[in-house]
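# A structural walkthrough
Spelled out from the first residue to the last, the chains are:
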Amino acid sequence: MQKQVDAVQQFTALRAALIRERDAIRQRLQQIDAALAGVGKIAAPAVPKKSRLRSGGRRRAGNTMNIREAITKVTAAKPLSIREIVGAVQKTGYKFTSTNPVNSVGAYLYGTHGKKHFKRVDGKFAPAR
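Note that residues are indexed from 1 along each chain, following the sequence as it is written. Reporting of local features is limited, given that this is a predicted model, to residues whose pLDDT is at least 70; pairs of side-chain atoms are given and counted only at 80 or more, and all residues count toward the totals for whole chains, interfaces and linings. The basis for every side-chain value is the complete set of non-hydrogen atoms in the structure, without hydrogens or water.

### Digging into the overall build of the chain
Using the following cut-off: In DSSP terms, a helix is any run of H or I states spanning at least four residues, a strand is any run of E spanning at least two, and both are numbered starting from the N terminus. When a residue's accessible area, from a 1.4 Å probe over protein chains only, is under 20% of the maximum for its type it is buried; when over 50% it is exposed; and in between it is partly exposed. The contact definition used throughout considers only heavy atoms, calling two residues in contact when any of these lie within 4.5 Å. Throughout, the Shrake-Rupley method with a 1.4 Å probe supplies accessible areas, and for residues the shown protein chains are the sole cover considered.
Of regular secondary structure, the chain possesses five helices and two strands. Sorting the 129 residues of the chain into buried and exposed places 18% on the buried side. The long-range fraction of contacts in the chain, counting pairs at least 24 apart against all pairs at least 6 apart in sequence, stands at 50%. Only carbon and sulfur atoms are counted for the fraction: they give 54% of the accessible area of the chain, which is about 10700 Å².

### With respect to the nonpolar core
Put simply, the test is: Side-chain atoms within 4.5 Å are what join buried Ala, Val, Leu, Ile, Met, Phe, Trp, Tyr and Cys residues into a set we call a nonpolar core.
One finds Ile67, Ile71, Ile85, Val89, Phe96, Val105 and Leu109 to be the most contacted residues of the largest nonpolar core, which totals 17 residues. Those elements that provide at least two residues to this core are helix H2 (67–75), helix H3 (82–91) and helix H4 (101–110). Apart from residues lying up to four places away in sequence, Val105 is in contact with Ile67, Ile71, Ile82, Ile85, Val86 and Phe96.

### Some words on the packing of aromatic side chains
What counts is decided by this rule: Working definition: rings of Phe, Tyr and Trp (its six-membered ring) pair if their centres are within 6.5 Å, and the pair is stacked with planes under 30 degrees apart, edge-to-face with planes over 60 apart, and tilted otherwise.
Under the counting rule described, the total for this entry stands at three aromatic pairs. Taking the centre distance of 6.3 Å and the plane angle of 75° together, the rings of Tyr108 and Phe118 count as edge-to-face. Taken as a pair, Tyr108 in helix H4 and Phe118 in strand E1 (residues 118–121) lie far apart in primary sequence, 10 residues in all. Accessibility classification places Tyr108 together with Phe118 in one group, the buried group.

### Examining H3
The α-helix winds at 3.6 residues per turn, so residues separated by three or four positions along the chain end up facing the same way. Inclusion rule: Working definition: the arc comes from the directions between the helix axis and the C-beta atoms, pointing outward to the latter.
Taken together, the buried positions of H3 are Ile82, Ile85, Val86 and Val89. Buried residues of H3, viewed axially, fall in a sector of 100°; they line one side. Away from the buried face of H3 by more than 90 degrees, exposed residues Arg83 and Lys91 are located. Turning to H3, the residues buried within the fold contact H2, H4 and strand E2 (124–127). Backbone geometry just downstream of H3 places Gly93 in the positive-phi region, at approximately 105°.

### Description of the pattern of salt bridges
Quick reminder of the rule: One side-chain nitrogen of Lys or Arg within 4 Å of one carboxyl oxygen of Asp or Glu is enough to make a salt bridge.
Applying the stated criterion across every chain, the model contains one salt bridge. With a shortest N-O distance of 3.9 Å, Asp23 and Arg22 are connected by a salt bridge. Assessed through its relative accessible area of 39%, Asp23 is described here as partly exposed. Since its relative accessible area comes to 42%, Arg22 is described here as partly exposed.

### What about H2?
Cut-off, in case you're wondering: Polar contact is the term for a pair of N or O atoms within 3.5 Å; when the atoms are in protein, one must be able to donate a hydrogen and the other to accept it, and sequence-neighboring residues count only if both atoms are side-chain atoms.
Regarding H2, the residues found buried are Ile67, Ala70, Ile71, Val74 and Thr75. Across the axial projection of H2, the buried residues extend over an arc of 120°, all falling on one side. Of the surrounding secondary structure, the elements contacted by the buried residues of H2 are H3, H4, E1 and E2. Two or three places before Arg68, at the opening of H2, Asn66 has a side-chain oxygen 3.1 Å from that residue's backbone nitrogen.

### Re the packing of H2 against H4
Basically, it comes down to this: A fitted line through C-alpha atoms represents every axis, and for helices the fit uses only the stretch in contact; the resulting angles, taken between N-to-C directions, go from 0 to 180 degrees. By the definition adopted for this analysis, an angle is roughly parallel if under 35 degrees, roughly antiparallel if over 145, roughly perpendicular if from 65 to 115, and oblique otherwise. Here the term charged refers only to Asp, Glu, Lys and Arg, the term nonpolar to Ala, Val, Leu, Ile, Met, Phe, Trp, Tyr, Cys and Pro, and the term polar to all other amino acids, Gly among them.
Where H2 contacts H4, the two axes come as close as 11 Å, and the packing angle between them is 90°. Judged by the angle between their axes, H2 and H4 are roughly perpendicular. Where H2 abuts H4, its residues Ile67, Arg68 and Ile71 lie against Val105, Tyr108 and Leu109. Its residues placed into classes, the contact of H2 with H4 shows five nonpolar, no polar and one charged.

Don't take any of this as a statement about function, it's just geometry.
Here you go:
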């Protein structure tokens, strides 16, 4: 039973020491804030920004046009299916970062932005002129 009492006393002493240290730090920060009050606004400490890379570490491809422009270009002559669009877009030099570009193009075409710019006719897509 003696060890439990020692552990409790040790915890109490360490907790009290942490509280005293925290109070001392708060007091020092108040002194620093008071000294800087006449200088101007106190800036928040700089916090490093999170990396914009996905967990896989992939970066955005350096395409000269966006996906809408590329799809518009390849469907201007005639309506194409999604698989045909992917092949034609890749032939124009557009690079997909996705491992499955058919999913990416399908998600775009069936999404809000794709529905604004493209119409579906007999399972094929054409610009919505």
